[in-house]
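# Descriptive analysis of the structure
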There are 2 protein chains.
Amino acid sequence: MSKVLVFGHKNPDTDAITSAIAYAYLLSEQGVEAEPVALGEANEETAYALDQFGYEAPRVVITVADETDIVALVDHNEAQQSVDDRDKVSIHSVVDHHRIANFETADPIFYLARPFGCTQTILYGLFQEAGIDIPEKLAGLMLSAIISDTLLLKSPTTTDRDKEVAAKLAELAGVNLDDYGIALLKSGTNVDNKDAEEIVDGDAKSFDMGDYKVRIGQINVVDIDDVLNRKDEMLEKMQGLSIDNGYDTFLLIVTNILTNDSEGLVVGKEELLPYVGQAFDAEVNDSQLPMPGVVSRKKQVVPVLTAKIEG
Amino acid sequence: MSKVLVFGHKNPDTDAITSAIAYAYLLSEQGVEAEPVALGEANEETAYALDQFGYEAPRVVITVADETDIVALVDHNEAQQSVDDRDKVSIHSVVDHHRIANFETADPIFYLARPFGCTQTILYGLFQEAGIDIPEKLAGLMLSAIISDTLLLKSPTTTDRDKEVAAKLAELAGVNLDDYGIALLKSGTNVDNKDAEEIVDGDAKSFDMGDYKVRIGQINVVDIDDVLNRKDEMLEKMQGLSIDNGYDTFLLIVTNILTNDSEGLVVGKEELLPYVGQAFDAEVNDSQLPMPGVVSRKKQVVPVLTAKIEG
């Protein structure tokens, strides 16, 4: 067996990148040669977390089959979110907290999904089960992902287990959960120095819903107007990306991490727009959609939109 | 949430039925209302195990949506092996030791697959993790499934963990592993009182391979001639079932549990038969295929046949 390459989804967020680091460390401690890599550059928030705890960003790969025949997936399973040549390698294992779709294997593997707010919460349990200690700096990195994915334990995706594990990791890492949490979240919210593509597509994922290809991006801010003031620029970019990549609709969720409300920007096929509105008991007006109380793409957006579109 | 119905695959074997019983027990102990059911009658071997440890066979269901909106799957995940109206209910969780395919959910769930020889070996770990004791009689039932799935720890699907867990369960159940194991396996091998459909289809499963629908049955015997003496009757039944159900090929694996060798019987599309032969470095002659050393459908048949057919 060649070295297992471990990676999270495309357009990596803090969980995708740090879970690859944590899982590769766990596998190595268990005698499996493993290296964390990433399917894209670290965003500002992730860079902040890596820097805080003294880690380098994992190297970015575009394909994997040229260097290994086996990979492990964290924080995703769907083919369209994974490495492009995944069908050329075998899958060692999967640790994930998303729905399961567009995923299959030829052989039985280790697959662990739990409906927790963050992949790191699951990985924490695997460290416990294996009786392997989590080093102080790794604990800080794992905590960063939980803070990021759950918006400091406030997103509806947050479970009691996330809270329990976050508290333990904060203690191991020697940081104050709330102080570090706010600092981390704020580090990712400066959109003024980001171009339109980074804002709309930096954290975007593709989903197959019925016969449609739906692109959903999300950007965290401390003031929604930071993005709405550049609305025309955003819409134009979303339209361009949709044409280039065949998206039938593109929804950008702009989330205020202090108030936990969002505003949506939407472009796409005329026939689909009413569904997008109905999914949130609202209407798409002038390409804009109010989404009060919505902060979780996974829990509050993907399931309702899938249900509406697949009817 | 209504009561969670827990079940294994269609054409249930001992693992499918007893894992439903064990997982429903575990869920109940964890405060989740759950009932084990089965997607078919218990076979002779399973009936023997249930009887040995004082259990009734779970009731058989054909559909589930008329009585619940949530189910848990054990020992399978593929849609075509599951209950027909699965798309009308949500899935609470999955515990399985097979490849993952034809499976998807709208929401994140608990999904645990491990490449062990038996689902019960995975469930044993969940009991440990939850700190819940396994009652003596349930331990005997769980052990029966491991013996059945691994042919008394001799199949190539057997892992060290299966051996370790089997030894612990035998101790908990107060039985001698080898003596009880041989008795259990023999209880399922009497084919003289079985009709052709029970023999060829009693333990059969369907697989999508490329554009083809492949049916693979397996029957354990202590003398392969017990089945080969009735070869014409078997082939006729396999042809009939293929026509009725649109199978492109039907392979029956006749396995001698004492020597760990098999002989295959094959019917199906002319274009497919060479692939079936090549998959086992042999030729299909007179509808018959030598399969020396092959005892595991999952490990020694499905992957090689899938690879050959999908090219």
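All values derive from a computational prediction rather than experimental measurement.

### Examining the overall build of chain A
Along the backbone of chain A there are 11 helices and 10 strands. Taken over C-alpha atoms, the radius of gyration comes to 19 Å for chain A, in line with the 19 Å a tight globule of 311 residues would show. Projected onto its principal axes, the C-alpha positions of chain A cover 55 × 45 × 35 Å. In chain A, which comprises 311 residues, the proportion classed as buried is 60%. Considering only contacts within chain A whose residues lie at least 6 apart along the sequence, 66% involve residues at least 24 apart.

### Description of the packing of aromatic side chains
Under the defined criterion, the tally for this structure stands at 11 aromatic pairs over all chains. Plain terms: the ring middles of Phe53(A) and Tyr180(A) are 5.5 Å apart, the flat faces sit at 75 degrees to each other, and that makes the pair edge-to-face. Of the two residues, Phe53(A) is situated in the loop between helix 2 (44–52) and strand 3 (70–74) and Tyr180(A) in helix 6 (residues 177–187); the sequence distance between them amounts to 127 residues. You'll find Phe53(A) and Tyr180(A) in the same group, each marked buried. Here the aromatic residues Phe103(A), Tyr111(A), Phe103(B) and Tyr111(B) are joined through ring pairs into a cluster of three or more.

### Topic: the UniProt feature "binding site: Mn(2+) 2" (unreviewed entry) in chain A
Residues and elements named next belong to chain A. With numbering matched to this structure, UniProt assigns "binding site: Mn(2+) 2" (unreviewed entry) to Asp15, Asp75, His97 and Asp149. In three dimensions, the annotated residues from a span of 135 residues occupy one location, with a maximal C-alpha spread of 10.8 Å. Assignment of secondary structure puts Asp15 in helix 1 (residues 14–29). Excluding residues within four positions of it along the chain, Asp15 makes contact with Ala20, Asp75, His97, Cys118, Thr119, Gln120, Ala145 and Asp149. Considering the arrangement of structural elements, one finds Asp75 in the loop between strand 3 and strand 4 (90–96). Once residues within four sequence positions are removed from consideration, Asp75 is found in contact with His9, Asp13, Asp15, Ala16, Val95, Asp96, His97, His98 and Thr119. Reaching out from Asp75, the side chain makes a polar contact with the side chain of His97 at a distance of 3.0 Å.

### Comments concerning the interface of chain A and chain B
Chain A puts 22 residues into the contact, and the matching count from chain B is 22 residues. At the boundary of chain A with chain B, total buried surface from both sides reaches about 2,000 Å², with 57% on carbon and sulfur atoms. For the chain A face of the interface with chain B, the top three residues by lost area are Arg99(A), Ile100(A) and Pro108(A), together amounting to 27%. On inspection of chain A and its partner chain B, the count reaches 2 salt bridges. In this structure, Arg114(A) engages Glu129(B) in a salt bridge whose closest nitrogen and oxygen atoms are separated by 3.2 Å. Elements with a contribution of two residues or more to the side of chain A that touches chain B: strand 5 (110–113) and helix 11 (297–310) of chain A. Residue contributions to the side of chain A that touches chain B peak at 4 residues, all from strand 5 of chain A.

### What to know about the relation of the copies chain A and chain B
Least-squares fitting of chain A to chain B yields an RMSD of 0.0 Å, with the transformation described by 0.0 Å of translation along the axis and a rotation of 180 degrees. In short, the pair behaves as if placed about a two-fold rotation axis. In terms of proximity to the rotation axis, the leading residue of chain A is Leu112(A), whose C-alpha is 2.4 Å off the axis. When you check the interface residues of chain A against chain B, 100% turn up at the interface there too, and the contact is symmetric in its surfaces.

### Quick notes on a negative patch on the surface
Among the surface-exposed residues, Glu104(A), Asp208(B), Asp211(B) and Glu310(B) lie close enough to one another that they form a single negatively charged patch. Among the secondary structure elements, Asp208(B) is positioned in strand 6 (residues 205–209).

### Describing a nonpolar patch on the surface
There is a patch of nonpolar side chains on the surface, built from Ile182(A), Val222(A) and Leu258(A) and spanning about 220 Å² of accessible area. Relative to the elements of secondary structure, Val222(A) occurs in the loop between strand 7 (212–221) and helix 8 (225–228).

### Quick look at the packing of helix 1 (residues 14–29) of chain B against helix 4 (residues 136–150) of chain B
Residues and elements named next belong to chain B. Helix 4 packs onto helix 1 with a crossing angle of 145 degrees between their chain directions and a minimal axis gap of 9 Å. Crossing of helix 1 against helix 4: the hand is left-handed. Along the contact surface, helix 1 presents Thr14, Asp15, Thr18, Ile21, Ala22 and Tyr25, while helix 4 presents Leu138, Leu141, Met142, Ser144, Ala145, Ser148 and Asp149. For the contact of helix 1 with helix 4, the per-class residue count stands at 7 nonpolar, 4 polar and 2 charged.

### Looking at the UniProt feature "binding site: Mn(2+) 1" (unreviewed entry) in chain A
All names here are of chain A. When the UniProt feature table is mapped to this numbering, "binding site: Mn(2+) 1" (unreviewed entry) covers His9, Asp13 and Asp75. Of the residues just listed, which span 67 residues, no C-alpha pair is farther apart than 9.7 Å, and they cluster in one region. As for its placement among the helices and strands, Asp13 is situated in the loop between strand 1 (4–7) and helix 1. The buried category is assigned to Asp13, whose relative accessible area is 12%. Residues in contact with Asp13, not counting those within four places in the same chain, are Asn43, Thr46, Asp75, Asp149 and Asp203. Separated by 3.4 Å, the side chains of Asp13 and His9 make a polar contact. Within the structure, the side chain of Asp75 is placed 3.3 Å from the backbone nitrogen of Ala16, a separation counted as a polar contact.

### Focus on the sheet that holds strand 7 (residues 212–221) of chain B
What links the strands of a sheet is backbone hydrogen bonding, and the strands pair in either a parallel or an antiparallel sense. Residues and elements named next belong to chain B. On the basis of which strands lie adjacent, the open sheet formed by 5 strands has the order 6-7-8-9-10 and mixed pairing. Among the strands making up the open sheet, the edge pair consists of strand 6 and strand 10 (288–291). When strand polarity is set aside, the average angle formed by the axes of neighbouring strands in this sheet is 25 degrees. Most of the contacts of helix 9 (residues 231–245) go to strand 9 (residues 261–268), to which it runs at about 50 degrees, and overall it touches strand 7, strand 8 (249–256), strand 9 and strand 10.

### Structural notes on the nonpolar core
Nonpolar side chains tend to gather and get buried jointly when the protein is soluble and globular. By size, the foremost hydrophobic cluster in this structure holds 106 residues, and its most contacted members are Val6(A), Tyr23(A), Val6(B) and Tyr23(B). Each residue touching Val6(A), except ones within four places of it in the same chain, is listed here: Ala20(A), Tyr23(A), Ala24(A), Leu27(A), Ala34(A), Glu35(A), Pro36(A), Val37(A), Ala72(A) and Val74(A). Counting 34 residues, the second largest nonpolar core, distinct from the first, contains Val37(B), Val71(B), Val83(B) and Tyr111(B).

### So, the domain arrangement of chain A
Residue and element names in this part refer to chain A. Per the domain assignment, the segments of chain A are domain 1 (4–187) and domain 2 (196–310). The C-alpha-based centres of domain 1 and domain 2 are spaced at 25 Å. Across the domain 1/domain 2 interface, buried area totals approximately 1,600 Å², and carbon plus sulfur atoms make up 54% of it. The largest per-residue losses of area from domain 1 upon contact with domain 2 belong to Asn11, Arg99 and Leu151, which jointly make up 33% of the total buried on that side. The tally of links from domain 1 across to domain 2 stands at 0 salt bridges. Between domain 1 and domain 2 we count 5 residue pairs in polar contact (both at pLDDT 80 or more) in total.

### A short note on the sheet that holds strand 1 (residues 4–7) of chain B
If you walk across this open sheet you meet the 10 strands as 2(A)-1(A)-3(A)-4(A)-5(A)-5(B)-4(B)-3(B)-1(B)-2(B), and the pairing is mixed. Since the sheet does not close on itself, it has two edges, and those belong to strand 2 (34–36) of chain A together with strand 2 (34–36) of chain B, each with one partner. Between one strand and the next, the sheet's axes are offset by a mean angle of 20 degrees, whatever the strand orientation. In the sheet, strand 1 of chain B pairs with strand 2 of chain B via 3 bridges, with the strands oriented parallel. Looking across to strand 2 of chain B, one finds that Val4(B) is bridged to Ala34(B). Contacts from helix 3 (residues 119–130) of chain A reach strand 3, strand 4 and strand 5 of chain A within the one sheet, and its direction differs from that of strand 4 of chain A by about 105 degrees. Lying on the sheet, helix 3 (residues 119–130) of chain B is in contact with strand 3 (70–74), strand 4 (90–96) and strand 5 (110–113) of chain B; it crosses strand 4 of chain B at an angle near 105 degrees.

Each value, and the rule that gives it
- Residue numbering note: each chain is counted from 1, following its sequence as written.
- Lettering for chains starts from A, numbering for ligands starts from 1, and both go in the order in which the items are written.
- Only residues with pLDDT of at least 70 get local features here, since the model is predicted, and only at 80 or more are side-chain atom pairs given and counted; chain-wide, interface and lining totals rely on the full set of residues.
- To obtain the side-chain values, all non-hydrogen atoms of the structure were used and water was disregarded.
- Counting from the N terminus, the helices are the DSSP runs of H or I reaching at least four residues and the strands are the DSSP runs of E reaching at least two.
- Throughout, radius of gyration means the C-alpha value; the globule benchmark is 2.2 Å times the number of residues raised to the power 0.38.
- Only protein chains enter the calculation, and the probe is 1.4 Å; a residue is then buried if its accessible area is under 20% of its type maximum, exposed if over 50%, and partly exposed in between.
- The contact definition used throughout considers only heavy atoms, calling two residues in contact when any of these lie within 4.5 Å.
- Ring pairs are drawn from Phe, Tyr and Trp, using the six-membered ring of Trp, whenever the two centres fall within 6.5 Å, and their geometry is named by plane angle: stacked under 30 degrees, edge-to-face over 60, tilted for the rest.
- UniProt positions are given in the numbering used here, feature names are shortened, and annotations may be inferred rather than shown by experiment.
- Between N or O atoms, a polar contact is any pair within 3.5 Å; within protein, one atom must be a potential hydrogen donor and the other a potential acceptor, and residues adjacent in sequence are included only when both atoms are from side chains.
- Buried area counts how much accessible surface, traced with a 1.4 Å probe, disappears from two parts once they are put together, with both parts' losses summed.
- Salt bridges are identified by distance alone: a Lys or Arg side-chain nitrogen within 4 Å of an Asp or Glu carboxyl oxygen.
- When the copies are superposed, the least-squares fit takes in the C-alpha atoms of residues with a pLDDT of at least 70 in both.
- Two distance rules govern patches: like charges are joined within 9 Å, and nonpolar side chains (Val, Leu, Ile, Met, Phe, Trp, Tyr) within 5 Å, applied only to residues with over 30% relative accessible area and no salt bridge.
- Computed with a 1.4 Å probe, the accessible areas rest on the Shrake-Rupley method; for each residue, only the protein chains presented here act as cover.
- Residues scored as charged are limited to Lys and Arg (positive) and Asp and Glu (negative), so that His and the chain ends carry no count.
- One atom stands in for each charge, and that atom is NZ of Lys, CZ of Arg, CG of Asp or CD of Glu.
- The axes used here are C-alpha line fits, helices contributing only the stretch in contact, and every angle between their N-to-C directions lies in the interval 0 to 180 degrees.
- It is the rotation of the near helix from the far one that decides the hand of a crossing: anticlockwise by less than a right angle makes it left-handed, clockwise makes it right-handed.
- Any residue outside Ala, Val, Leu, Ile, Met, Phe, Trp, Tyr, Cys, Pro, Asp, Glu, Lys and Arg is labelled polar, Gly included; the first ten of those are nonpolar and the last four are charged.
- Only when DSSP finds a minimum of two bridges between them are two strands counted as paired.
- Residues enter a nonpolar core if they are buried and are Ala, Val, Leu, Ile, Met, Phe, Trp, Tyr or Cys, with the set joined through side-chain atoms within 4.5 Å.
- Domain boundaries shown here were taken from an automatic or database domain assignment.

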